[in-house]
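A look at the structure
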There are 2 protein chains.
Amino acid sequence: MLTMDEFIKTCREKGLNVTYQRMVIYKSLMQSKNHPTAEEIYHMVRKEYPSISLATVYKTLETFAELKLINKVTHLHDMARYDADTRPHHHMICIYCKAVYDVHDERLNRLPLPDVDYDGFQITGYSIQFEGVCPACSQKFQRKASS
Amino acid sequence: MLTMDEFIKTCREKGLNVTYQRMVIYKSLMQSKNHPTAEEIYHMVRKEYPSISLATVYKTLETFAELKLINKVTHLHDMARYDADTRPHHHMICIYCKAVYDVHDERLNRLPLPDVDYDGFQITGYSIQFEGVCPACSQKFQRKASS
DNA sequence: ATTCTTGCAAACGGTTTGCACATAC
DNA sequence: GTATGTGCAAACCGTTTGCAAGAAT
């Protein structure tokens, strides 16, 4: 959540050309509260810059996310994944290979809910996504880092 | 995670015909530890039942998930969503309209990690997904329930 | 016999890609 | 001037759909 000046400075620092498109896209995302999709951002941005292309929006968002300027909320969005284990449990996702492991830990099933009624939102349950590095990728990564 | 007998019984109870395809798909998912995709299940199932079609696998998994026989791990998998707020925070997802709200609550940022080194998996962070009903859908739902 | 399910192929929709042109530096 | 980014259209790929044939009840 940067000011426009900070955004421009950060782009320069990260070796990213500062274009009008990038500024408008960042501003739109910053002003939006709903975690919009690329298509939604495209429609917002077109009001201010009608000639922008959808492909540019996709490329720009992906670039921002790689440089951690923004976050992709949906880590595992590429393909649906299923689980036959319907007990309440949590998941651990390898940031490299996207493997999903189960976390069964009773303590995590008794979190205090943030508020029974948060902004009028009625919470019925939750699940925790842990991020990290799986054993296999940990090996690869160490090998890569030490070579 | 049902035995095959329980699975058959549950299908009958839920008004689902018991077919060989459904049994093989459920068994494959049950034996798999990696939260497989539809395509992965398709390949596993084909070893035991080569003539099965990918469309059947998709339809079957969706049917199972609707009846809560299995879980879809990826709730928001349909489209990528982005967020300009890079501070650590959590999300609340409306199960009806899939709207995503932010949850900023300091207490939730200090969870005890399940184990520093869980099965060789190095955890670097986490985020919590709360599920529930947003104010707008709550209204719609109440109206529907009381009419 | 009726209803539900399957398999196929075609359609769909979100996302990516290749490439020529334009822009930032 | 060179490297980088943009826009367009086509390709891609995971998923869904319509429908005729087949299986479960």
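These notes cover the structure that comes with them. (Residues numbered from 1 in each chain as written. Chains lettered and ligands numbered in written order. Predicted model: local features only at pLDDT ≥ 70, side-chain atom pairs only at ≥ 80, totals over all residues. Heavy atoms only, no water.)

**Concerning the overall build of chain A**
The helix and strand tally for chain A stands at five helices and six strands. Walking chain A from its N terminus toward its C terminus, one meets helices and strands in the order α-α-α-α-β-β-β-β-β-β-α. Its C-alpha radius of gyration of 19 Å places chain A more than 25% over the 15 Å reference for a compact globule of 147 residues. If one aligns the C-alpha atoms of chain A with their principal axes, the spans along those axes are about 55 × 50 × 30 Å. Sorting the 147 residues of chain A into buried and exposed places 42% on the buried side. Put simply, of all contacts in chain A between residues at least 6 apart along the chain, 44% involve residues at least 24 apart. By element, 51% of the accessible surface of chain A is carried by carbon and sulfur atoms, the whole surface being about 8400 Å². Seen as two clouds, the 19 positive and the 18 negative side-chain charges of chain A have centres 8 Å apart. (Helix = DSSP H or I, 4+ residues; strand = E, 2+ residues; numbered from the N terminus. Rg over C-alpha atoms; globule rule 2.2 N^0.38 Å. Buried < 20%, exposed > 50% of the residue type's maximum accessible area, 1.4 Å probe, protein only. Contact = heavy atoms within 4.5 Å. Areas by Shrake-Rupley, 256 points an atom, 1.4 Å probe, with all protein chains shown as cover. Lys, Arg positive; Asp, Glu negative; His and termini not counted. Charge placed at Lys NZ, Arg CZ, Asp CG, Glu CD.)

**Points about the protein's contact with DNA strand C**
For DNA strand C, the set of nearby residues contains 23 residues, the closest of which are Tyr58(A), Gln21(B), Arg22(B), Lys59(B) and Ala80(B). For DNA strand C, the backbone makes up 81% of the atoms found within 4 Å of the protein, where backbone means sugar plus phosphate. The separation between a sugar or linking oxygen of DNA strand C and a polar side-chain atom of Gln21(B) is 2.8 Å. Contributing elements (two or more residues each) for the surface near DNA strand C: α4 (54-66) of chain A together with α2 (20-31) and α4 (54-66) of chain B. The element contributing the most residues to the surface near DNA strand C is α4(B), with four residues. In terms of residue class, the surface near DNA strand C is made up of nine nonpolar, nine polar and five charged. (Near = heavy atom within 4 Å. Polar contact = N/O pair within 3.5 Å; in protein donor to acceptor, adjacent residues only side chain to side chain. Nonpolar A, V, L, I, M, F, W, Y, C, P; charged D, E, K, R; others polar.)

**Considering the pattern of salt bridges**
All names here are of chain B. Within this structure, the stated rule accounts for 10 salt bridges over all chains. In this structure, Glu48 and Lys27 form a salt bridge, with 3.2 Å as the shortest nitrogen-oxygen distance. Of this pair, Glu48 sits in helix α3 (residues 38-48) while Lys27 sits in helix α2, placing them 21 residues apart in sequence. You can call Lys27 partly exposed: its relative accessible area is 27%. (Salt bridge = Lys/Arg side-chain N within 4 Å of Asp/Glu carboxyl O.)

**Comments concerning the side chain of Thr74(B)**
Of note, Thr74(B) is situated in the loop between β1 (71-72) and β2 (82-83). In terms of polar contacts, Thr74(B) uses its side chain to reach the backbone amide nitrogen of Arg81(A), at 3.2 Å. Residues within four places of Thr74(B) in sequence aside, it is in contact with Leu76(A), Met79(A), Ala80(A) and Arg81(A).

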